[in-house]
Amino acid sequence: MINAVPKAFWDELLSELGADAIDHSPATIADYGANLMPSGDRMPGGVLYPASTAQVQQMVQAANRHRVAIWPISTGRNVGIGEKSPVREGQVVMHLGRRMNHIHEIDETLCFAEIDPGVTFRQLYDELGRRGHRLMMSSTSGPTDGSLVGNAIDKGAGYTPYFDHFGMTCGLEVVLGDGRILRTADGASPGAKTWHLVKYGFGPFLDGLFVQSNFGIVTRAGLWLMPRPPVIRCFIFSFPDDDDFGEIVDLIRPLKLNNFVPTLFKVTNDVYSLGTVETYPYGRTGGKTPLPDEVRGELRRQHGIGSWTVSGAFYGDSEETIRPLIERVRKHFERSGKARYTSHEQALESRIFKIHVDTFSGTPTEEEMPLHEWRPGGGSIWFLPSTPMVGSIANQHQRMSRSILARYGFEFITEYVCTGRVSRALHPLIFNRQDPDEARRAAECYRALMQAYAEAGYPISRAPIEVQEEAMARLQVTPEVCRDLKRALDPNGVIAPGKYGIV
Ligand SMILES: Cc1cc2nc3c(=O)[nH]c(=O)nc-3n(C[C@H](O)[C@H](O)[C@H](O)COP(=O)(O)OP(=O)(O)OC[C@H]3O[C@@H](n4cnc5c(N)ncnc54)[C@H](O)[C@@H]3O)c2cc1C
């Protein structure tokens, strides 16, 4: 059972680790408690800034002695999923990224890096650039100052062949809730030189325990990188109508199941694209929400986009080797009689399309961030269900989302990120958080989406802090097993009780 943060906890850490390691001033608490959720900010009990794994261990040991709950973040740029604020008020945020942000090693022969939790997408990209861009990383299309580790262990993903960010980690260092330091896989073997090379190692695969959980604090990770291909060429198709989505999905599936196209496919809807360059046109709608279809159509025409933008990329030695591959994909999509092709060169001329080129090139970009200002008042909560790559089901899903969102007064804003079997459907629900009625509707709408998808058999795979406990409660047996693991690895429950519903 965790109580309010006792003064003795702060006094002990102050004397052992110095003033740089702690801050519980009201201004800092307010800063770390702020988020974009409908239910409001969640104030932590203070903030810790460890400078090393040894300091993380000391802090966890002190937390055990004083029964203090810690909420670890790498950079806290989990925008629309919780930002820096803890799942429960009063937990002490441990901000690892402030002082643990070093790239320890980049091996250009075996193509991996060893990094601290605070290393950001931009930082690794810049370092790879300084070394001549021989290696390529996979980036999100989110904040460039987000961290590779925080994103990977929250089951984040990118768009290149290395899109599975947790899948591309190899060998973690973790401080467990009881204060032990675990190095996973070959890292457990003293002197092993294969920590970041052998993913599974000897014995059970423990790395997965630290993903979307609260059993430990990740203090270091190996990350696999891809040799940068000499030439990257993106292709884009626009489709005119909302219901073209089903056909798009059926067109993509075979190209991904056999990996003819090496990247994932992005299928971005009109409002998601428009939100990166426009704000909600209250003037044009006379203040009416959600966005009327006629105005949506006008905006599409104005920006030269369709109802859907479909994109992917090829990698190769030269433009000549890639050209026939793009021709094959063009034929495949143009068979529909609806697809309008945009070339890589044309895409570079458009702010909306360039985001696609950047993400397939492993280049961090801030160009999607304005999406959060689509409506005023700074509210954002992301709904992330999975949709099978079957056109008829996918069309049911987009219609279901569209109608639920409209019922609560919101636009359907989405990007489906497609593999061969399933897509992750990013639904940022953007709302005016300063307007209590709109914030209430956003919370209700989110739950209605979650309920409808669960009833249809499609649960979510990543959840904002304010629904994590509810989402876990919907599962069978998993909550009890997680509770048993929690007792074994963190007997006093000092790491983030309630995170992903694990108590
Ligand atoms: C416009 C936009 C586009 C986006 N696009 C994408 C996208 O393409 N792909 C994608 O995946 N995300 C995307 N995001 C979401 C998000 O921005 C990133 O996933 C984010 O950068 C996560 O990294 P972080 O360092 O901020 O994580 P943090 O906020 O630090 O952490 C995320 C979670 O992991 C836990 N955690 C973090 N570090 C540790 C640690 N060291 N030990 C134990 N637990 C830890 C935290 O408690 C938290 O639950 C997007 C966001 C926006 C706004």
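Residues numbered from 1 in each chain as written. Predicted model: local features only at pLDDT ≥ 70, side-chain atom pairs only at ≥ 80, totals over all residues. Heavy atoms only, no water.

**Here's the deal with empty space enclosed by the protein**
And step 1. Per the stated rule, a full pass over the model turns up two cavities of 30 Å³ or more.
And step 2. As for the largest cavity, its lining consists of Phe-121, Met-137, Ser-138, Leu-148, Asn-151, Ala-152, Tyr-162, His-165, Met-168, Leu-223, Trp-224 and Leu-225.
And step 3. For the lining of the largest cavity, the secondary-structure elements that each account for two or more residues are helix 5 (148-153) and strand 10 (216-224).
And step 4. Taken together, the residues of the lining of the largest cavity sort by class into nine nonpolar, three polar and no charged.
And step 5. Counted as a void, the second largest cavity has a volume near 50 Å³.
And step 6. Residue assignment for the lining of the second largest cavity shows that the elements contributing at least two residues are helix 7 (270-274) and helix 12 (351-360).
And step 7. The greatest single-element share of the lining of the second largest cavity, amounting to three residues, is contributed by helix 12.
And step 8. Looking at the lining of the second largest cavity residue by residue, the class counts come to three nonpolar, four polar and two charged. (1 Å grid on protein atoms, 1.4 Å probe; cavity = no way out; pocket = protein on both sides within 12 Å on 5 of 7 lines; lining within 4 Å. Points joined across faces, edges and corners; volume = space filled by probe spheres on them. Helix = DSSP H or I, 4+ residues; strand = E, 2+ residues; numbered from the N terminus. Nonpolar A, V, L, I, M, F, W, Y, C, P; charged D, E, K, R; others polar.)

**Considerations on the site of the ligand**
And step 1. Around the ligand sit 33 residues in total, of which Ser-74, Thr-75, Arg-77, Ser-147 and Tyr-159 are the nearest.
And step 2. The side chain of Tyr-159 places a nitrogen or oxygen atom 2.7 Å from an oxygen atom of the ligand.
And step 3. With respect to the ligand, the side chain of Lys-499 contributes an N or O atom lying 3.2 Å from an oxygen atom.
And step 4. Contact with the protein chains hides 97% of the accessible area of the ligand, taken as 960 Å² for the molecule alone.
And step 5. Mapped onto the shell around the ligand, the elements with two or more residues apiece are strand 3 (70-73), helix 5 and strand 10.
And step 6. Partitioning the shell around the ligand into residue classes produces 14 nonpolar, 14 polar and five charged. (Near = heavy atom within 4 Å. Polar contact = N/O pair within 3.5 Å; in protein donor to acceptor, adjacent residues only side chain to side chain. Areas by Shrake-Rupley, 256 points an atom, 1.4 Å probe, with all protein chains shown as cover.)

**Considering the domain arrangement of the chain**
And step 1. Domain annotation for the chain reports domain 1 (7-98), domain 2 (103-227) and domain 3 (231-462).
And step 2. A C-alpha centroid distance of 35 Å is found between domain 1 and domain 3.
And step 3. Facing 11 residues of domain 1, the contacting portion of domain 3 comprises 14 residues.
And step 4. For the pairing of domain 1 and domain 3, the buried interface totals around 900 Å² over both sides, and the portion due to carbon and sulfur atoms is 58%.
And step 5. Across the contact surface, domain 1 and domain 3 share one salt bridge.
And step 6. The partner of Arg-433 in a salt bridge is Asp-41, and the shortest N-O contact between them spans 2.7 Å.
And step 7. Where domain 1 meets domain 3, there are six residue pairs in polar contact (both at pLDDT 80 or more).
And step 8. Tallied by class, the residues present in the side of domain 1 that touches domain 3 amount to five nonpolar, four polar and two charged. (Domains from an automatic or database assignment. Contact = heavy atoms within 4.5 Å. Buried area = accessible area lost by both parts, 1.4 Å probe. Salt bridge = Lys/Arg side-chain N within 4 Å of Asp/Glu carboxyl O.)

**So, the sheet that holds strand 4 (residues 92-95)**
And step 1. On the basis of which strands lie adjacent, the open sheet formed by four strands has the order 1-2-4-3 and mixed pairing. Looking at which strands have only one partner, the edges of the open sheet turn out to be strand 1 (22-23) and strand 3.
And step 2. Here helix 1 (residues 7-17) sits on the sheet and contacts strand 1, strand 2 (46-48) and strand 4; the angle it forms with strand 2, its principal contact strand, is near 30 degrees.
And step 3. Sheet contacts for helix 2 (residues 26-33): strand 1, strand 2, strand 3 and strand 4; angle to strand 2, the most-contacted strand, approximately 85 degrees. (Pairing = 2+ DSSP bridges. Axes fitted to C-alpha atoms, helices over the stretch in contact; angles between N-to-C directions.)

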